[in-house]
Amino acid sequence: MFDKEEIFQLSDDVFRLLRDLIKDYCGLYYDETSKSLLERRLSRRVSSNHLNDFRDYYRLLLYDRRRDEEFAYIVDILTVNETYFFREISQLKTLTDEILPELKNINKNTKKIRIWSAGCSTGEEPYSIAMMLLEQGQFYRWNIEIIGSDINQRVLQNARRGLYRNNSFRSTDEYFIKKYFTQEENMFKIKDNVKQFVDFHCLNLIDSLKAKFIGIVDVILCRNVLIYFDHESRKKVINNFHESLNENGYLILGHAESLMNISTAFTLKHFKNDMVYQKPLKAKAPLANGKNPDIELIKR
């Protein structure tokens, strides 16, 4: 017989304190209906830290020198890491069949393209993009860099390991499994010719300082992540994305997400397979005589 796990009572006032602290740290937001969820999922952390109640746990998160380590546990417990290969394939086809050929023409002098998969969980999305690029074979001798980031260290370890169970292949053609994976007992390991395209980094998306470490990229995919953030945190994340994107670069959100009431800094562009946000070219400064520089250029 196993002992029943102890559930500590979470009072309304401490719930709000704890909820706001988590939101400020990583953007995850829980409304009043989520109190029992936090109570149930975080009781084990109260117990593991040998604390009396959630108020003591809140103090630990505020003042203890181990607070960053404890927040990592919270993120691991609270984040949903549901993903699989070739998820929402129409968006990935828009990327590989329409956006990347366009960028290939724009970046033909540098022969370099950088793609950021933000909130990549266990790595299925960036590896799917790498496989689709290998299939296309259009970027021979190009420097293609795919960056996968997530706030959860545990899922990133799995992404780097590249070992997957059957539930990651619910939307994967058998052709890709045979060509790009090797079977190891009851799991499948992604091959090195795919892994070489992808680097993984631990990143809190609302941290603008750390977001700068990613550098400037041509495309950002952040699908089904913003739905867990409150409005203020979404605005911070989108602003960080805007700073990280090249002019004319693309932002791909999940089908249930939009920038309505969040940002007007992007334009919506229609492609054959899907719709994508684009960072517009920066408007040129007016000439000294107040005229539009582009119009002046046309006149000459």
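So, here is what we can say about the structure in this document. The structure displayed is predicted, hence computed values, not measured ones.

Notes on the pairing of strand S9 (residues 267-270)
- Here S9 pairs with strand S10 (residues 275-278) via 4 bridges, running antiparallel. Residue pairing for S10: Lys-269 is matched across the bridge by Val-276.
- Turn length for the S9-S10 hairpin, with the two strands adjacent in sequence and antiparallel, is 4 residues.

Focus: the side chain of Ser-244
- Counting through the fold element by element, Ser-244 comes out in helix H11 (residues 231-244).
- There is a polar contact of 3.0 Å between the side chain of Ser-244 and the backbone oxygen of Asn-240.
- Those residues in contact with Ser-244 that sit more than four places away from it in its chain are Trp-116, Ala-211, Gly-215, Ile-216, Val-217 and Ile-220.

Side note on the sheet that holds S9
- Strand order in the open sheet formed by 7 strands is S6-S2-S1-S7-S8-S10-S9, with mixed pairing between adjacent strands. Both outer strands of the open sheet, strand S6 (198-202) and S9, are each paired with one neighbouring strand and no more. If you compare each strand with its neighbour and ignore which way they point, the axes differ by 25° on average.
- In terms of strand pairing, strand S1 (residues 112-118) meets strand S7 (residues 217-222) through 3 bridges, oriented parallel.

Topic: helix H6 (residues 124-136)
- Under the 1.5 Å per step criterion, the end-to-end length of H6 is 18 Å for 13 residues, consistent within 8% with the ideal 18 Å.
- Of all 13 residues in H6, 10 are buried, a share of seventy percent or more.
- Residues of H6 that are buried: Glu-124, Glu-125, Pro-126, Tyr-127, Ser-128, Ile-129, Ala-130, Met-131, Met-132 and Leu-133.
- The positive-phi residue at the C-terminal boundary of H6 is Gly-137, with phi of around 65°.

Considerations on H11
- Taking 1.5 Å as the rise per residue, H11 with 14 residues should run 20 Å; its terminal C-alpha atoms sit 20 Å apart, in good agreement.
- Among all positions of H11, only Ser-233, Val-237, Ile-238, Asn-240, Phe-241 and Ser-244 are buried. Along the axis of H11, the buried positions cluster into a sector of 155°, meaning they face one direction only.
- Against helix H1 (12-26), S1, helix H10 (208-211), S7 and strand S8 (245-253) lie the buried residues of H11.

Rules used in this analysis
- Residues numbered from 1 in each chain as written.
- Predicted model: local features only at pLDDT ≥ 70, side-chain atom pairs only at ≥ 80, totals over all residues.
- Heavy atoms only, no water.
- Pairing = 2+ DSSP bridges.
- Helix = DSSP H or I, 4+ residues; strand = E, 2+ residues; numbered from the N terminus.
- Polar contact = N/O pair within 3.5 Å; in protein donor to acceptor, adjacent residues only side chain to side chain.
- Contact = heavy atoms within 4.5 Å.
- Axes fitted to C-alpha atoms, helices over the stretch in contact; angles between N-to-C directions.
- Expected span 1.5 Å × (residues − 1).
- Buried < 20%, exposed > 50% of the residue type's maximum accessible area, 1.4 Å probe, protein only.
- Arc of directions from axis to C-beta.

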